[in-house]
Structure formats: structure tokens, C-alpha cells
Amino acid sequence: QELRRELAVALFREERLTLGQASRVAEMDQLAFQTVLADREIPVHYGIAEFREDLRTLETLDRR
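I will try to describe carefully the structure that is included in this document. Everything quoted here is computed from the prediction, not taken from an experiment. Residue indices begin from 1 for each chain and proceed along its sequence in written order. Reporting in this predicted model follows two pLDDT cut-offs: at least 70 for local features of residues, and 80 or more for side-chain atom pairs to be given and counted; totals over whole chains, interfaces and linings ignore these cut-offs and use all residues. The side-chain numbers reported here are obtained from all heavy atoms of the structure, hydrogens and water having been left aside.

## Side note on the side chain of S23
Right, so step 1: Here S23 lies in helix α2 (residues 19-25).
Right, so step 2: Each residue touching S23, except ones within four places of it in the same chain, is listed here: M28, D29, Q30 and F33. Strands here are runs of E lasting at least two residues and helices are runs of H or I lasting at least four, both read from the DSSP assignment and numbered beginning at the N terminus. Two residues qualify as a contact provided that any one of their heavy atoms is within 4.5 Å of a heavy atom in the partner residue.

## Regarding a nonpolar patch on the surface
Right, so step 1: Nonpolar side chains collect at one region of the surface, where V44, Y46, F51, L55, L58 and L61 lie side by side and expose about 560 Å² of accessible area between them.
Right, so step 2: Along the polypeptide, V44 turns up in the loop between α3 (30-39) and α4 (48-63).
Right, so step 3: Only protein chains enter the calculation, and the probe is 1.4 Å; a residue is then buried if its accessible area is under 20% of its type maximum, exposed if over 50%, and partly exposed in between. Take V44: its relative accessible area is 37%, and that puts it in the partly exposed class. Nonpolar side chains (Val, Leu, Ile, Met, Phe, Trp, Tyr) within 5 Å and like charges within 9 Å form the patches, drawn only from residues with over 30% relative accessible area and no salt bridge. Surface exposure here means Shrake-Rupley accessible area, sampled with a 1.4 Å probe, where a residue is shielded only by the protein chains that are shown. The salt bridge criterion pairs a side-chain nitrogen of Lys or Arg with a carboxyl oxygen of Asp or Glu, the two atoms within 4 Å.

## Notes on the side chain of T18
Right, so step 1: Along the chain, the position of T18 falls in the loop between α1 (2-13) and α2.
Right, so step 2: Here T18 is in contact with F12, E50 and E53, once residues within four sequence places are set aside.

## Some words on the pattern of salt bridges
Right, so step 1: One pass over the full model with this rule turns up 5 salt bridges.
Right, so step 2: Close ionic contact of E6 with R40 constitutes a salt bridge, the shortest N to O distance being 2.6 Å. Pair noted here: E6 is in helix α1 and R40 is in the loop between α3 and α4, with a separation of 34 residues, a long-range link.
Right, so step 3: Judged by relative accessible area, E6 falls into the partly exposed class, the value being 31%.
Right, so step 4: A relative accessible area of 33% means that R40 is categorised as partly exposed.
Right, so step 5: Residue E53 pairs with R24 through a salt bridge whose shortest N-O separation is 2.8 Å. One end of the pair, E53, is in helix α4; the other, R24, is in helix α2, with 29 residues separating them in the sequence.
Right, so step 6: Residue R24 is classed as exposed on the basis of its relative accessible area, which comes to 51%.
Right, so step 7: Among the charged side chains, a salt-bridge network with shared partners connects R5, E6 and R40.

And the structure:
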């Protein structure tokens, strides 16, 4: 699990993964993953792609 978290942090820092993707790789919820990023002083970049991904997630959850 630690290796997955470190990989997710590295890929997120390089902007190769969105916040949602990175939190899934790390097998953590987004809030917990954001805490890891904050502890390492890594800013959360949140753009249009992340917004659209979050909307898709919300739509999926709404259907349940």
C-alpha cells in the first residue's frame, strides 16, 4: 500500500494523474490523499479535466 501511495504521489506531482486517478491508485479516498499531499506541501491542481471527472463520479453515485 505504501508503494502504491508513493507512486500515486509521484505521478500526481508530475501531473500525469488527476487527483481522482491518483487517489484510486493509492487506494485512498480523495480527502485522505489530499492530506498526504498537504503534508508534503504538494499543491492540488484542479482543472477542467478533474472537474469533469468529478461530475462523472457524482453522476455514477447518484444512479446507485
